[in-house]
There are 2 protein chains.
Amino acid sequence: MQDILEASTSADWREPDPENTLYLELASGRVVIELAPGFAPQHVANIRALAKAGWYDGLSINRSHDNFVVQWGDADGGDPAKARPLPDAAANKLPAEFARSAESLDFTVLPDHDGWAPQAGFAEGFPAARDPQAGLAWLTHCYGTVGAGRDMAPDSSLGNELYVVIGHAPRQLDRNITSVGRVIKGMELLSTLPRGTGPLGFYEQREQTVPIRAIRLASEVPAAERERLQLLRTDTATFEALVEARRNRRDDWYVHPAGHIDVCSVPLPVREAPKE
Amino acid sequence: MQDILEASTSADWREPDPENTLYLELASGRVVIELAPGFAPQHVANIRALAKAGWYDGLSINRSHDNFVVQWGDADGGDPAKARPLPDAAANKLPAEFARSAESLDFTVLPDHDGWAPQAGFAEGFPAARDPQAGLAWLTHCYGTVGAGRDMAPDSSLGNELYVVIGHAPRQLDRNITSVGRVIKGMELLSTLPRGTGPLGFYEQREQTVPIRAIRLASEVPAAERERLQLLRTDTATFEALVEARRNRRDDWYVHPAGHIDVCSVPLPVREAPKE
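Residues numbered from 1 in each chain as written. Chains lettered and ligands numbered in written order. Predicted model: local features only at pLDDT ≥ 70, side-chain atom pairs only at ≥ 80, totals over all residues. Heavy atoms only, no water.

Draft legend 1. Highlighting the sheet that holds strand β6 (residues 100-101) of chain A. All names here are of chain A. Strand order across the open sheet formed by five strands is β6-β10-β9-β8-β7, with antiparallel pairing between neighbours. Of all the strands in the sheet, just β6 and β7 (107-109) have a single pairing partner and so form its edges. Both β7 and strand β8 (residues 119-123) contribute to a ladder of three bridges, which runs antiparallel. Along β8, the bridge assignment pairs Phe107 with Ala123. (Pairing = 2+ DSSP bridges. Helix = DSSP H or I, 4+ residues; strand = E, 2+ residues; numbered from the N terminus.)

What follows is the structure, given as structure tokens:
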């Protein structure tokens, strides 16, 4: 894999759009999330509005469920008397965005059978699945996938409550909740948080919650304070070679190459932008 | 799932054999590992010998690699001058135990296509895979699986260096390294350790490593200090019902049951033994 990346050219890499890049600022550091407006346009627009209004600032991470998710939002969100009101610029009702039309979506299909979906692969740089017969595509729940928490009603998410997958891919969530993007840097700041001891991994005491200093769009942050990250494009010959190298490990250490890979086992390389 | 477990009978549960149960004692608490002598008899025998000799005591957790493994052993193991000598009772050479004969192994096959192996399912209470044509079975690398670290030679593991999976199932390791068991309690004490910043997630400074107070076989611990855990048997109608409930989630929250499950997504319930 290292050889393949070293042989890559600058055209193999892309820079995430600052309008679709979220910085979650914690005392321990910055988590960078790439949003997926191609899959959840209305949720992403709402998250942008909430971030621009500073709505998330001072809220907290309230849940850390081992081998499942870490979740953040308004710890008082369940109590109408104490919940932080949404800003005027944000919607207070959104449709579920569980899947999108697969038409006119560039989709790189993995060669291996998925099981959870008719096809799995990559679209717009994200791990995804597709049902050609139904003409639908959706983001897959992999380690690092970020989604919008919801209640019982499918259309009860707003992007004010967000979670990230910190364990084995919970693919059963696919098409049952709106995925909005994925963590591209700082994942370890979330995955190592102490697990909550309450039901579903919620922290039982308010003082156990982890304060969110701010959530900002990269486009709202001064250029000098932005990350300079690049992501390997998933529609290139370089990426195809990387997938094949991971399907059949040629490293000397491996004695039994699997000849198979699942969509959540494919690494999606991120690098610092090379100095100009 | 809760309904199914509540309807279970005592015959659905088993108690792990104290001779095959390992306690990893950390300052933060106890991690309980069930060993799998049916799959790695020689490694398990060696781990037993090392634990009985107190060989692991005072060693450390030296690696925490996000979305991959946490690993422990002798931080000086790479330096013959400083490495802790193995006790006489332990072997210093073992065969690779990557797979075993599938003959006379009770194997509960999952109904869904696996991809990484011809069949996946459960054997002796562990997630496993099987190749009926080759007549082989092996443990699958799932979240919580414990394996024996090795160098380049397939037969270079001894059970003195152990790792646990803390992320998405790295199934590419199946049949490439000897799995020796799985964590059945205290997983969060390992999964939340700060990630190492060196290559492969090793801690760069010795003071970052996490001391191991002791590793003991449950059978060597006074009865009053033992865990009283029970594991749901994987060869029962109750377990079959649980798998089916997870393949097709009937909880009201789900709008699109997957109709599929992978071997590492099936929960393997553990409970405190009911009071007599």
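Draft legend 2. Summary view of the state of the cysteines. Residues and elements named next belong to chain A. All chains considered together, the criterion is met by two disulfides over all chains. Each sulfur of the disulfide joining Cys142 and Cys264 lies 2.0 Å from the other. Across the S-S bond linking Cys142 and Cys264, the dihedral sits near -75°, which makes this disulfide left-handed. One end of the pair, Cys142, is in the loop between β10 (136-139) and β11 (145-148); the other, Cys264, is in the loop between α4 (237-247) and β17 (270-272), with 122 residues separating them in the sequence. Like Cys264, Cys142 is buried. (Disulfide = S-S within 2.5 Å. Buried < 20%, exposed > 50% of the residue type's maximum accessible area, 1.4 Å probe, protein only.)

Draft legend 3. Looking closely at the interface of chain A and chain B. Taken together, the 40 residues of chain A in the interface contact 40 residues of chain B. Contact between chain A and chain B buries roughly 3,500 Å² in total, counting both sides, with carbon and sulfur atoms accounting for 59%. The three residues of chain A that bury the most area against chain B are Trp116, His168 and Trp253 of chain A, which together make up 22% of that side's buried surface. In this structure, the connection of chain A to chain B is made through zero salt bridges. Connecting chain A to chain B are 25 residue pairs in polar contact (both at pLDDT 80 or more). In terms of residue class, the side of chain A that touches chain B is built from 18 nonpolar, 12 polar and 10 charged. (Contact = heavy atoms within 4.5 Å. Buried area = accessible area lost by both parts, 1.4 Å probe. Salt bridge = Lys/Arg side-chain N within 4 Å of Asp/Glu carboxyl O. Polar contact = N/O pair within 3.5 Å; in protein donor to acceptor, adjacent residues only side chain to side chain. Nonpolar A, V, L, I, M, F, W, Y, C, P; charged D, E, K, R; others polar.)

Draft legend 4. Structural detail: the side chain of Gln172 of chain B. Within the element layout of this structure, Gln172 of chain B appears in the loop between β12 (162-165) and β13 (178-185). Every residue in contact with Gln172 of chain B, bar those within four places of it in the chain, is listed here: Arg249 and Tyr254 of chain A together with Phe68 and Trp116 of chain B.

Draft legend 5. Broad picture of the relation of the copies chain A and chain B. Once turned by 180° and shifted 0.0 Å along the axis, chain A lies on chain B with an RMSD of 0.0 Å. Here the symmetry operator amounts to a two-fold rotation axis. A high fraction, 100%, of the interface residues of chain A reappear at the interface in chain B, so the copies pair face to face through one surface. (Least-squares fit on C-alpha atoms with pLDDT ≥ 70 in both.)

Draft legend 6. Local environment of the environment of Ala153 of chain A. In this structure, Ala153 of chain A sits in the loop between β11 and β12 (162-165). Residues Ala153 of chain A and Pro199 of chain A, 46 residues apart in the sequence, show an inter-C-alpha distance of 20 Å.

Draft legend 7. Spotlight on helix α2 (residues 41-52) of chain B. All names here are of chain B. With 12 residues, α2 extends 16 Å from end C-alpha to end C-alpha; this agrees with the ideal 16 Å at 1.5 Å per step. Structurally, α2 contributes buried residues whose contacts are with β2 (21-26), β3 (29-35), β11 (145-148), β12, β13 and β15 (214-217). Phi for Gly54, located one or two positions after α2, is positive at around 70°. (Expected span 1.5 Å × (residues − 1).)

Draft legend 8. Region of interest: unusual backbone geometry. All names here are of chain A. In this structure, Glu124 is a non-glycine residue whose phi angle is positive, near 55°. On the secondary structure map, Glu124 appears in the loop between β8 and β9 (126-131). We classify Glu124 as partly exposed; its relative accessible area is 41%. Even without being glycine, Leu200 reaches a positive phi, approximately 60°. Within the secondary structure, Leu200 sits in the loop between α3 (187-191) and β14 (210-211).

Draft legend 9. How the structure looks around the sheet that holds strand β8 (residues 119-123) of chain B. The five strands are arranged β6-β10-β9-β8-β7 (chain B) in an open sheet whose pairing can be described as antiparallel. Single-partner strands in this sheet number two, and they are β6 (100-101) and β7 (107-109) of chain B.

Draft legend 10. Region of the structure containing the confidence of the model for chain A. Taken as a whole, chain A shows an average pLDDT of 97; of its residues, 100% reach a score of 70 or greater. For this predicted complex, the interface confidence score (ipTM) comes to 0.97, while the overall pTM stands at 0.98. (pLDDT = per-residue confidence, 0-100.)

Draft legend 11. Broad picture of the pattern of salt bridges. Summed over the entire model, instances satisfying the criterion amount to 35 salt bridges over all chains. Residues Lys82 of chain A and Asp76 of chain A are paired through a salt bridge, measuring 3.8 Å at the closest nitrogen-oxygen approach. By relative accessible area, which is 53% here, Lys82 of chain A ends up exposed. Judged by its relative accessible area of 18%, Asp76 of chain A falls in the buried class. Ionic pairing is found between Asp66 of chain B and Arg195 of chain B, a salt bridge with its closest N-O pair at 2.7 Å. In this pair, Asp66 of chain B sits in the loop between β4 (60-64) and β5 (69-73) while Arg195 of chain B sits in the loop between α3 (187-191) and β14 (210-211), placing the two residues 129 residues apart along the sequence. When its relative accessible area of 12% is taken as the criterion, Arg195 of chain B is described as buried. Taken together, the shared-partner salt bridges connect Glu25, Arg30, Lys185, Glu227 and Glu272 of chain A into one network.

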